Amino acid sequence: DTAVSQTPKYLVTQMGNDKSIKCEQNLGHDTMYWYKQDSKKFLKIMFSYNNKELIINETVPNRFSPKSPDKAHLNLHINSLELGDSAVYFCASSSGGEQYFGPGTRLTVT
Amino acid sequence: KNEVEQSPQNLTAQEGEFITINCSYSVGISALHWLQQHPGGGIVSLFMLSSGKKKHGRLIATINIQEKHSSLHITASHPRDSAVYICALSQGGSEKLVFGKGTKLTVNP
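Residues numbered from 1 in each chain as written. Chains lettered and ligands numbered in written order. Predicted model: local features only at pLDDT ≥ 70, side-chain atom pairs only at ≥ 80, totals over all residues. Heavy atoms only, no water.

Engineer: Hey, could you go over a positive patch on the surface for me, with residue numbers and the actual values?
Structural biologist: Together, Lys9(A), Lys41(A), Arg106(A) and Lys104(B) make up a region of like positive charge exposed at the surface. The topology assignment puts Lys9(A) in the loop between strand S1 (4-7) and strand S2 (10-13). Since its relative accessible area comes to 45%, Lys9(A) is described here as partly exposed. (Patch = residues over 30% accessible without salt bridge, like charges linked within 9 Å, V, L, I, M, F, W, Y side chains within 5 Å. Areas by Shrake-Rupley, 256 points an atom, 1.4 Å probe, with all protein chains shown as cover. Salt bridge = Lys/Arg side-chain N within 4 Å of Asp/Glu carboxyl O. Lys, Arg positive; Asp, Glu negative; His and termini not counted. Charge placed at Lys NZ, Arg CZ, Asp CG, Glu CD. Helix = DSSP H or I, 4+ residues; strand = E, 2+ residues; numbered from the N terminus. Buried < 20%, exposed > 50% of the residue type's maximum accessible area, 1.4 Å probe, protein only.)

Engineer: Before we move on, could you go through the pairing of strand S11 (residues 105-109) of chain A and cite the residues and values that matter?
Structural biologist: All names here are of chain A. With burial as the criterion, only one face of S11 is covered, namely that bearing Thr-105, Leu-107 and Val-109; the residues Arg-106 and Thr-108 on the opposite face remain uncovered. For S2 and S11, the ladder comprises four bridges, and the chain directions are parallel. When the sheet's bridge partners are listed, Thr-13 is paired in S11 with Val-109. As paired elements, strand S9 (residues 87-94) and S11 share three bridges and run antiparallel to each other. Following the sheet pairing, Ala-87 is matched in S11 by Leu-107. (Pairing = 2+ DSSP bridges.)

Engineer: So what's going on with the sheet that holds strand S7 (residues 64-70) of chain A? Which residues, and what values?
Structural biologist: Residues and elements named next belong to chain A. If you walk across this open sheet you meet the four strands as S1-S3-S8-S7, and the pairing is antiparallel. Bordering the open sheet on either side are S1 and S7, each of which pairs with just one other strand. Within the sheet, the average angular offset between the axes of one strand and its neighbour, ignoring direction, is 20 degrees. Relative to strand S8 (residues 73-78), S7 runs antiparallel, the two sharing five bridges. Within S8, the residue paired with Ser-65 across the bridge is His-77. (Axes fitted to C-alpha atoms, helices over the stretch in contact; angles between N-to-C directions.)

Below, the structure is given as structure tokens:
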């Protein structure tokens, strides 16, 4: 059973489009995150949700909108995609410390 | 200057060698994490520690809070250990991670 799953694994789209990435965790964790890994492989926090409430928003453009319908799901919607949004997006969850990462979604904007 | 500095950036070793990867940080932390990212891209948490030393199989992680320094050691390295090893910090009440730039390890047979 996959602990943290993301869909899709790969996403290729054109500039200006709107797309969503979904994340689900079956670990019963209260906190979920979105991280972005850029072309230089550097990871950075984007958002954190605790029990469906936004607790961290790290100066991410407002084209990015996270949504948490329940504490097991944290989806990421991106409007008006730009070339610079191309990256790998990782979802993660935690409860009191250790984080569990999803497999990542490789987004390519052309 | 990044809050988390790792060294070396790249490391090549022969199978069987003892490996050390270092992590220094400049801020107060609640915990330090060592993560492994394989060539396939997946990220796995290896250790989370706030003091002392932890061991899991051939991997050992140590932290010195006073010196703001942590090391990850791999004994009897193997080609399957080839990966990027990332040091990350969590601070205060927030569980968000602040990442180092990673150390790319290649172990040759």
